[in-house]
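Next come the chains, spelled out residue by residue.
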Amino acid sequence: MTFTPSRRETLLGAASLLAAAGCSQSAPAPSPSLASLAAEKGLKFGTAMNSRQLSDPRYIDLVLKECAVIVAENEHKMYTIQPSPDAMDFSRGDALAAFARENGLGMRGHTVVWHHPRWLPDWINNSVFGSAAEAEAELTRYINAVASRDQDVIYSWDVINEAVDDQTGELRETSYSRAMGGGAEVIDFCFRQTKEAAPNATLAYNDYMSWEPGTQNHRRGVLRLLEELKKRGTPIDALGIQSHSNYGMPDEFTAERKREWKAFVDEVVGMGLDIYLTEFDVNDTRLDPDPALRDRLIATYTEEYLGMMLDYPQTKDILLWGMVDKDSWLQTFLPRDDGVEKRPVPWDSDYQPKPMREAIARALKAAPAR
Ligand code: G3I
């Protein structure tokens with residue numbers, strides 16, 4: 001599916017031209033949006049958004065000013081759509097898709113199957129499928145229902161999320177994999193079925209392997225999986241690199257870790273895959289609490305990390321995992337020991353931009369066109 005600039009982006013572009021031509025006397029010309037800076041380089045910029053934020057005018061304002069695409073934070077997950085076997089509820093995912101449609105935004109689908117027992121609904125974890133065919137029939141029913149919806153806005157799906165165990169690098173076991181003979185069988189099947197249901201969407205495997213210390217097995221496991229999928233001829237277009245820094249601090253992205261990380265990304269693009277940065281944010285758990293210091297280290301890291309990743313012409317999308325600090329998953333999932341609010345995303349809890357926003361802008365301006 002080709003992605004054209006939204007009506008709003010065109011309007012913003014026209015406004016900047018008028019301002020540049022001196023037609024705006026009073027206010028200074030607004031700095032270009034991150035979406036327009038990204039679009040100049042052939043990239044799509046966006047954010048995660050949840051259905052609660054649909055009634056937050058200040059969040060909406062930021063999304064419409066800065067983003068060309070959104071992704072549902074939780075609304076396309078199986079535990080939201082079908083928490084029990086009796087009925088499927090698409091209302092929350094559809095509401096976000098309608099918001100994208102009304103505002104000329106694209107949307108990424110996250111995720112068809114989160115292949116991890118912790119995030120699969122209990123009724124799936126407790127299912128004992130009598131045969132591979134039975135598990136495949138269940139997956140087919142679910143995938144057809146989910147991936148065929150809202151195809152006018154959903155241009156890409158994370159078909160599978162986090163299937164690789166981050167400690168061992170092995171594929172996780174689920175009720176599907178027990179019935180179908182292994183995780184690779186499940187993953188290959190889900191890609192093929194999603195391709196049938198949403199033939200125009202690009203399809204990604206999405207995971208949180210990273211440059212952080214102790215993540216070698218995770219990276220190796222992901223490479224093994226991607227090689228296996230390429231060997232099988234699975235219709236996979238991209239690796240979704242979530243780009244959370246879960247445990248590594250922004251000042252720990254050392255030359256050696258950069259080298260190791262680059263070697264990993266080189267292997268991925270060497271397989272002919274594109275890269276999507278799907279969930280970018282920066283964890284500051286162990287940094288000094290001083291907000292100015294944290295903002296500076298986070299901005300430096302942001303520019304370095306994105307600089308490295310955007311140098312790959314294969315990197316096509318960059319999405320934040322939320323825009324304002326107070327709504328970030330990190331505040332509750334990995335809180336700081338001192339209870340101080342984290343500053344992981346580019347806008348603070350009063351919706352004001354922090355140095356991280358300019359760091360993203362600089363990285364986009366420095367990126368080669370693709
Ligand atoms: O929906 C209930 C709500 O009814 C209840 O009032 C509330 C009370 O805690 O819980 C709500 O559910 C929470 C849900 O987010 C919506 O806020 C779940 O407990 C909570 O576990 C869930 O967390 C999400 C997490 O994925 C697990 O699905 C985070 O918001 C979301 O940011 C996070 O996103 C993941 C990506 O999908 C995959 N990569 C990692 C990333 C960060 O963990």
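Anything mentioned here points back to the structure above.
For clarity, every value in this text was computed on a predicted model and none was experimentally measured.

Trainee: Give a description of the nonpolar core that names residues and reports values.
Mentor: Ranked by size, the top nonpolar core spans 97 residues in total, and within it Trp157, Tyr176, Tyr205, Ile241 and Tyr305 carry the most contacts. With seven residues, the top contributor of residues to this core is helix α12 (residues 291-310). Each residue touching Ile241, except ones within four places of it in the same chain, is listed here: Asn206, Asp207, Met209, Trp261, Val265, Ile275, Tyr276, Leu277, Thr278, Glu279, Tyr305 and Met309. Among the nonpolar cores identified, the runner-up in size contains eleven residues, and Leu319, Trp321, Trp329 and Leu334 belong to it.

Trainee: Please give an account of the packing of aromatic side chains that cites residues and values.
Mentor: If you walk through the whole model with that rule in mind, you get eleven aromatic pairs. Considering the side-chain rings of Trp211 and Phe253, the 5.0 Å spacing of their centres and the 50° angle between planes classify their relative orientation as tilted. Remark: Phe253 occurs in the loop between β7 (244-245) and α11 (255-270) and Trp211 occurs in the loop between β5 (202-207) and α10 (216-232); sequence separation between them is 42 residues. Overall, Trp211 belongs to the buried group, its relative accessible area being 2%.

Trainee: So, the pairing of strand β9 (residues 315-320): which residues are in play, and what are the values?
Mentor: Of all six residues in β9, five are buried; the element is thus mostly enclosed. Bridge count for strand β1 (residues 44-49) against β9 is four bridges, and the pairing is parallel. Within β9, the residue paired with Phe45 across the bridge is Ile318. Looking at chain direction, strand β8 (residues 274-282) and β9 are connected through four bridges and run parallel. The partner of Ile275 across the bridge, within β9, is Thr315. As for the winding sense of the linkage, the β-α-β connection from β8 through α12 to β9 is right-handed.

Trainee: Please provide a residue-by-residue account of the pattern of salt bridges, values included.
Mentor: For the coordinates displayed, the defined rule picks out 29 salt bridges. Between Arg357 and Glu66 there is a salt bridge whose closest N-O contact spans 3.0 Å. Here Glu66 lies in helix α3 (residues 57-66) and Arg357 lies in helix α14 (residues 355-366), a separation of 291 residues in the sequence. Glu66 gets classed as buried once you look at its relative accessible area, which sits at 8%. In this structure, Arg232 and Glu228 form a salt bridge, with 2.6 Å as the shortest nitrogen-oxygen distance. Residue Arg232 and its partner Glu228 are both found in helix α10; the two are separated by four residues, about one turn of the helix.

Trainee: Help me get a handle on the site of the ligand, residues and values and all.
Mentor: Around the ligand, 15 residues are found, and the nearest of them are Glu73, Lys77, Tyr79, His110 and Glu279. Contact with the protein chains covers 55% of the free accessible surface of the ligand, which is 790 Å². Among the residues making up the shell around the ligand, the classes are represented as six nonpolar, five polar and four charged.

Trainee: Now, about the pairing of strand β3 (residues 106-114): what can you tell me, with residues and values included?
Mentor: Among the nine residues of β3, nine are classified as buried, and the element is accordingly described as predominantly covered. Here strand β2 (residues 69-72) pairs with β3 via three bridges, running parallel. Note that in β3 the partner of Val69 across the bridge is Gly106. Strand direction decides the pairing type here: β3 and strand β4 (residues 154-161), joined by six bridges, are parallel. Directly across from Arg108, in β4, lies its bridge partner Ser156.

Trainee: Give me the lowdown on helix α5 (residues 91-102), citing residues and values where you can.
Mentor: For α5, which comprises twelve residues, the first-to-last C-alpha distance of 16 Å matches the rise-based estimate of 16 Å (1.5 Å per residue) to within 8%. Phi turns positive one or two residues past the end of α5, at Gly104, with a value near 65°.

Trainee: Can you explain the packing of α10 against α11? Please cite residues and give values.
Mentor: With their axes 10 Å apart at the nearest point, α10 and α11 run at an angle of 10° to one another. On the basis of their axis angle, the class for α10 and α11 is roughly parallel. Along the contact surface, α10 presents Gln216, Arg219, Val222, Leu223, Leu226 and Glu227, while α11 presents Glu260, Trp261, Phe264, Glu267 and Val268. Of the residues belonging to the contact of α10 with α11, the class tally is six nonpolar, one polar and four charged.

Calculation criteria
Residues numbered from 1 in each chain as written. Predicted model: local features only at pLDDT ≥ 70, side-chain atom pairs only at ≥ 80, totals over all residues. Heavy atoms only, no water. Core = buried A, V, L, I, M, F, W, Y, C linked by side-chain atoms within 4.5 Å. Buried < 20%, exposed > 50% of the residue type's maximum accessible area, 1.4 Å probe, protein only. Helix = DSSP H or I, 4+ residues; strand = E, 2+ residues; numbered from the N terminus. Contact = heavy atoms within 4.5 Å. Phe/Tyr/Trp six-rings, centres within 6.5 Å; stacked < 30°, edge-to-face > 60°. Pairing = 2+ DSSP bridges. Right-handed = clockwise from strand over helix to strand, strands pointing away. Salt bridge = Lys/Arg side-chain N within 4 Å of Asp/Glu carboxyl O. Near = heavy atom within 4 Å. Areas by Shrake-Rupley, 256 points an atom, 1.4 Å probe, with all protein chains shown as cover. Nonpolar A, V, L, I, M, F, W, Y, C, P; charged D, E, K, R; others polar. Expected span 1.5 Å × (residues − 1). Axes fitted to C-alpha atoms, helices over the stretch in contact; angles between N-to-C directions. Parallel < 35°, antiparallel > 145°, perpendicular 65-115°, else oblique.

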